[in-house]
Amino acid sequence: MAFPAKKIQYTFADVLSWDESEHIEIINGEAFAMAAPSRMHQKISMELSRQLANYLEGKKCEVYPAPFSVRLFEQDGDAPEDVDTLVEPDISVICDRNKLDQYGCKGAPDMVIEVLSPSSHRHDQLVKLNLYQQAGVREYWIVDPENRIVRVMLLSDAGFLQPHEIYQQGDIARVTVLEGCFIELGKVFSE
């Protein structure tokens, strides 16, 4: 994809001027075009979103599947030109409704889920892991469709996302940041 204007540093202001059908993340001012997800990726993401949405019905937290913009480091008073990092997690759970605006989420979601794709393995497991850690995401799930596992990482008191649990296809996975929430992975990895 050709970005609308060749720049050294992109911001949220640029994203607002681009075609909404394009899915682009900006990380520290660098723009990344996102490949269209596979059918299996979408099926897994949809099932996770469905189970989370069912659990959250009538509760204060909300779940948002991609495409959903998250401006991890935006502060009150920041102009769009000041925001140089915007990501689109596969799934975001936000419990503080003050973080929600017409564009998505301002600040760190409570929970983020990324479903790995061949093109996103490194990006999701290194680049985004570091971003989510810096922003203070409390729970990060990395879903690996090929191996049918879910790696759960929790934010430690020291501010690091630490490995917490690895779940397999037949397991019931516990969502730590949502008390009493469990995900049936047999339904997530049904094919």
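Scroll up for the structure.
Residues numbered from 1 in each chain as written. Predicted model: local features only at pLDDT ≥ 70, side-chain atom pairs only at ≥ 80, totals over all residues. Heavy atoms only, no water.

Trainee: Please provide a residue-by-residue account of the overall build of the chain, values included.
Mentor: When helices and strands are tallied, the chain shows 4 helices and 13 strands. In terms of overall size, the chain behaves like a compact globule, its C-alpha atoms giving a radius of gyration of 16 Å where 191 residues would be expected to give roughly 16 Å. Here the analysis covers contacts within the chain between residues at least 6 apart in sequence; of these, 57% occur between residues at least 24 apart. Positive and negative side-chain charges of the chain, numbering 18 and 31 respectively, have mean locations separated by a distance of 4 Å. (Helix = DSSP H or I, 4+ residues; strand = E, 2+ residues; numbered from the N terminus. Rg over C-alpha atoms; globule rule 2.2 N^0.38 Å. Contact = heavy atoms within 4.5 Å. Lys, Arg positive; Asp, Glu negative; His and termini not counted. Charge placed at Lys NZ, Arg CZ, Asp CG, Glu CD.)

Trainee: Tell me what's going on with the state of the cysteines, and back it up with residues and numbers.
Mentor: Among covalent bonds in proteins, the disulfide is the one between the sulfur atoms of two cysteines. Applying the stated criterion across every chain, the model contains 1 disulfide. No disulfide involves Cys105; its nearest neighbouring cysteine sulfur is the one of Cys95, lying 10 Å away. Residue class for Cys105 comes out buried when judged on its relative accessible area of 0%. (Disulfide = S-S within 2.5 Å. Buried < 20%, exposed > 50% of the residue type's maximum accessible area, 1.4 Å probe, protein only.)

Trainee: If you had to explain the nonpolar core to someone new, which residues and values would you point to?
Mentor: Ranked by internal contacts, the top residues of the largest apolar core, which has 27 residues, are Leu48, Leu52, Val93, Trp141, Val175, Leu178 and Ile183. Sorting the residues of this core by element identifies α2 (39-56), β5 (91-94), β8 (111-115), β9 (139-144), β10 (149-155), β12 (172-175), β13 (181-184) and α4 (185-188) as the ones contributing at least two each. The element that contributes the greatest number of residues to this core is α2, accounting for 4 residues. Those residues within four positions of Leu48 in sequence are excluded, and the remaining contacts are Ile91, Ile113, Val115, Trp141, Val143, Ile183 and Val188. Of all hydrophobic cores here, the second largest spans 18 residues; its members include Phe68, Val87, Leu116 and Val137. (Core = buried A, V, L, I, M, F, W, Y, C linked by side-chain atoms within 4.5 Å.)

Trainee: Quick one: what's the story with α2, residue by residue and with numbers?
Mentor: The end-to-end C-alpha separation of α2 is 25 Å, in line with the 26 Å expected for 18 residues at 1.5 Å each. By the burial criterion, the buried members of α2 are His41, Ile44, Ser45, Glu47, Leu48, Ser49, Gln51, Leu52 and Leu56. Of the residues one or two after α2, Gly58 is the one with positive phi, at around 80 degrees. (Expected span 1.5 Å × (residues − 1).)

Trainee: Give a detailed account of the sheet that holds strand β4 (residues 69-71), specifying residues and quantitative values.
Mentor: The strand order across the open sheet formed by 3 strands is β4-β7-β6, and the pairing between neighbours is mixed. Every other strand in the sheet has two partners, leaving β4 and β6 (100-101) as the edge strands with one partner each. Across 3 bridges, β4 lies against strand β7 (residues 104-106) in parallel orientation. Of the residues in β7, the one forming a bridge with Arg71 is Lys106. (Pairing = 2+ DSSP bridges.)

Trainee: Kindly report on the pattern of salt bridges, identifying the contributing residues and their values.
Mentor: The full count for this structure, using the stated rule, is 9 salt bridges. Linking Glu47 and Arg50 is a salt bridge whose minimum nitrogen-to-oxygen distance equals 2.5 Å. Taken together, the positions of Glu47 and Arg50, both in helix α2 and 3 residues apart, correspond to about one turn of that helix. Classification of Arg50 by relative accessible area gives partly exposed; the value is 34%. With its nearest N and O atoms 2.7 Å apart, the salt bridge here joins Asp110 to Arg138. Placement of the pair is Asp110 in the loop between β7 and β8 and Arg138 in the loop between α3 (121-135) and β9, with a sequence separation of 28 residues. (Salt bridge = Lys/Arg side-chain N within 4 Å of Asp/Glu carboxyl O.)

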